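Summary of the model geometry
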Amino acid sequence: MKCSRVEKLLPIYLEDELSPQEKRLLEAHLRQCPDCQATLAYLRAIPSLLASIPEREISPSLQAKLYAIPALTPAPTKKGGFSLDWLLRPSFQPVLAAASVFLFVLSFFLFHPDGRFLSRSINEQLHLGYSRLEKIVAKAESLPGYLPALQESLQNSLKSLSQSRPHESDKI
Amino acid sequence: MVQECLDGSEGAWRTLVDTFSKRIFNLAYQFCGRYEEAEDLTQEIFMKLYTSLQKYDPKKNLTAWVLTLAKNHLIDTYRRTKREKTQRDDFDENLGVEIESGPEEIMVATEQKKLVWQGLEKLSPEIRLAVILIEIQGRSYEEAAAILGVPQGTVKSRVNRGKIQLARILSQAGGQP
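Residues numbered from 1 in each chain as written. Chains lettered and ligands numbered in written order. Predicted model: local features only at pLDDT ≥ 70, side-chain atom pairs only at ≥ 80, totals over all residues.

Okay, the overall build of chain B next. Along the backbone of chain B there are 8 helices and 0 strands. The order of α-helices and β-strands along chain B, N terminus first, is α-α-α-α-α-α-α-α. Here the analysis covers contacts within chain B between residues at least 6 apart in sequence; of these, 58% occur between residues at least 24 apart. (Helix = DSSP H or I, 4+ residues; strand = E, 2+ residues; numbered from the N terminus. Contact = placed C-beta atoms within 7 Å.)

What follows is the structure, given as C-alpha cells:
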C-alpha cells in the first residue's frame with residue numbers, strides 16, 4: 001500500500017470504519033513507515049487542537065452597530081407589498097424607451113422657441129387636408145346627378161359605333 | 001420573529017441579533033482569522049440579512065437559513081478578495097491554553113494551535129468551512145450539511161481532507177505530534 005493511499009484512509013481508520021483487510025494492510029504499512037506514523041499522530045491531535053480554539057465575544061461597539069442596522073438601512077418590503085421593482089424589469093425597457101422618445105419629441109412642441117411655428121404649420125396642414133377631403137366628398141355627392149347624362153352619352157357612343165361597324169354590333 | 005422584524009419591531013431585530021451575532025462573528029473570525037475583518041464581515045452579513053428577511057420561508061429552519069446566508073457571503077468575499085494569500089497576523093498566542101499547564105506544555109500547545117490556526121487559511125473555503133463547523137464549532141453533520149448545502153457524505157469527506165492537509169502542515173513544520 002502506497003503512502004498516498006494510506007493518507008486518505010487514515011481518517012477512516014481512526015473512526016474504525018475500514019474493512020478488516022484494509023485495516024490489516026494499513027497497519028502493516030504503518031509498522032514500516034515513520035512518515036505515515038507521524039501523520040497518524042498529528043491526525044489524532046488535530047481534533048483536540050481545533051476544538052480548543054475558543055469562541056470570541058463580540059465587542060459592544062459591534063453589537064451597537066448591529067442593533068442600529070434597521071435605522072440605517074431601507075426597510076425590507078413585505079411579501080405582496082407595493083413595489084416599483086417591475087419598472088426596472090428588462091421586459092419593461094422597450095416601453096420606457098418608447099415613452100422617452102415620445103416625451104423627447106413632445107418637448108419640441110412644448111418648450112422649443114419655434115414650437116408655436118411648428119404647431120401653426122401643423123394646423124395649416126390639417127386644415128388644408130380637411131378642405132381637400134371636403135371637396136372630394138362634395139364631388140362624390142354630386143356624382144349621382146351626372147349618372148343619367150353619362151349613361152345617355154355612353155348609349156349614343158355605342159349606337160354610333162354599331163352604325164359604323166354593323167358586323168361587330170351584331171356580335172355585341 | 002422574522003415577521004415582527006418585517007413589521008418594524010426593534011425588539012424582534014435585537015433578539016435576532018442576540019441570537020445569531022456571536023455565532024456569525026465566530027464563523028467569520030475562524031474563517032478569515034482577523035478580528036477587525038470579522039467585525040466588518042459580521043456587519044455586512046447582518047445588513048444582508050436585514051434586507052433579505054422578506055425572502056425567508058417560514059417553513060425552513062431559521063438557523064440554517066441565516067448561517068447559509070453568512071456562509072455565502074464569506075465565500076463570495078473570499079473569492080472577490082482572495083484573502084487567503086495574506087497572513088493571519090493577529091493570532092492570540094495564549095488562546096485557550098490551560099493556566100495549570102507547565103510553561104513547556106504551554107509553548108508546545110500554543111505553537112501547535114498556532115500552526116493549525118494558520119493552516120486553516122491554506123484550506124480551500126469549502127473545506128475550511130466544513131472543518132470549522134464540525135471540528136471547531138462541534139455542529140452535527142446534518143446541520144453542517146444544511147448550512148453548506150451539500151450531502152452529509154460530502155461534508156465528511158471535506159472534513160477528512162481538511163484534517164489530512166492540517167496534519168501535513170504540522171508534519172512539515174516538524175513539531176512534536
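After that view of the structure, there is still more to cover.
On to the packing of helix H4 (residues 62-81) of chain B against helix H7 (residues 141-148) of chain B. All names here are of chain B. It is at 8 Å that the axes of H4 and H7 come closest, and there the two elements cross at 55°. Taken together, the axis directions place H4 and H7 in an arrangement best described as oblique. Considering how the two elements wind past one another, H4 and H7 form a crossing that is right-handed. Between H4 and H7, the residues in contact are Ala64, Leu67, Thr68 and Lys71 and Glu143, Ala146, Ile147 and Leu148, respectively. Split into classes, the residues belonging to the contact of H4 with H7 amount to 5 nonpolar, 1 polar and 2 charged. (Axes fitted to C-alpha atoms, helices over the stretch in contact; angles between N-to-C directions. Parallel < 35°, antiparallel > 145°, perpendicular 65-115°, else oblique. Left-handed = near helix turned anticlockwise from the far one by under 90°. Nonpolar A, V, L, I, M, F, W, Y, C, P; charged D, E, K, R; others polar.)

What follows concerns the interface of chain A and chain B. Facing the 33 residues of chain A at the interface are 38 residues of chain B. Within the residue set of the side of chain A that touches chain B, elements represented by two or more residues are helix H1 (3-14), helix H3 (34-51), helix H4 (60-67) and helix H5 (69-72) of chain A. It is H3(A) that provides the largest number of residues to the side of chain A that touches chain B, a total of 11 residues. The class makeup of the residues in the side of chain A that touches chain B is 21 nonpolar, 6 polar and 6 charged.

Let us now look at the packing of helix H2 (residues 10-32) of chain B against helix H6 (residues 125-136) of chain B. Residue and element names in this part refer to chain B. It is the contact of H2 with H6, at a shortest axis distance of 10 Å, that shows an interaxial angle of 125°. By the angle between their axes, H2 is oblique relative to H6. Every pair of crossing elements has a handedness; the one defined by H2 and H6 is right-handed. Residue-level inspection shows Leu27, Gln30 and Phe31 of H2 in contact with H6, the latter providing Arg128, Leu129, Ile132 and Ile136.

Looking now at the confidence of the model for chain B. All names here are of chain B. Summarising the model, chain B shows a mean pLDDT of 82, and 82% of its residues fall at 70 or more. Confidence over residues 96-100 falls short of pLDDT 50; this stretch has 7 contacts with residues more than four positions distant or in other chains. Reported confidence for the predicted complex is 0.80 by ipTM and 0.65 by pTM. (pLDDT = per-residue confidence, 0-100.)

Residue and element names in this part refer to chain B. The buried fraction of H6 amounts to 10 of the 12 residues, a majority that puts the element mostly inside the structure. Among the residues of H6, Ile127, Arg128, Leu129, Ala130, Val131, Ile132, Leu133, Ile134, Glu135 and Ile136 are the ones counted as buried. Following H6 by one or two positions, glycine 138 has its phi on the positive side, about 65°. (Buried ≥ 20, exposed ≤ 12 C-beta atoms within 10 Å, placed from the backbone.)

Before going further, it helps to examine unusual backbone geometry. Residues and elements named next belong to chain A. A positive phi angle, near 55°, is found at aspartate 16, a position not held by glycine. When you line up the elements, aspartate 16 lands in the loop between H1 and helix H2 (20-32). Owing to 7 C-beta atoms within 10 Å, aspartate 16 belongs among the exposed residues under this scheme.

We now examine the environment of Ala145(B). Tracing the backbone shows Ala145(B) in helix H7. In this structure, the C-alpha to C-alpha distance between Ala145(B) and Ala64(B), residues 81 residues apart in sequence, is 9.4 Å.

Further remarks concern the nonpolar core. Judged by nonpolar contacts, the single largest core of 58 residues is most densely connected at Ile46(A), Ala28(B), Ala70(B), Ala130(B), Val131(B) and Ala144(B). No other element matches the 11 residues that H2(B) contributes to this core. Once you skip the residues sitting within four places of it in the chain, Ala28(B) turns out to touch Ala38(B), Leu41(B), Thr42(B) and Leu74(B). (Core = buried A, V, L, I, M, F, W, Y, C linked by C-beta atoms within 7 Å.)

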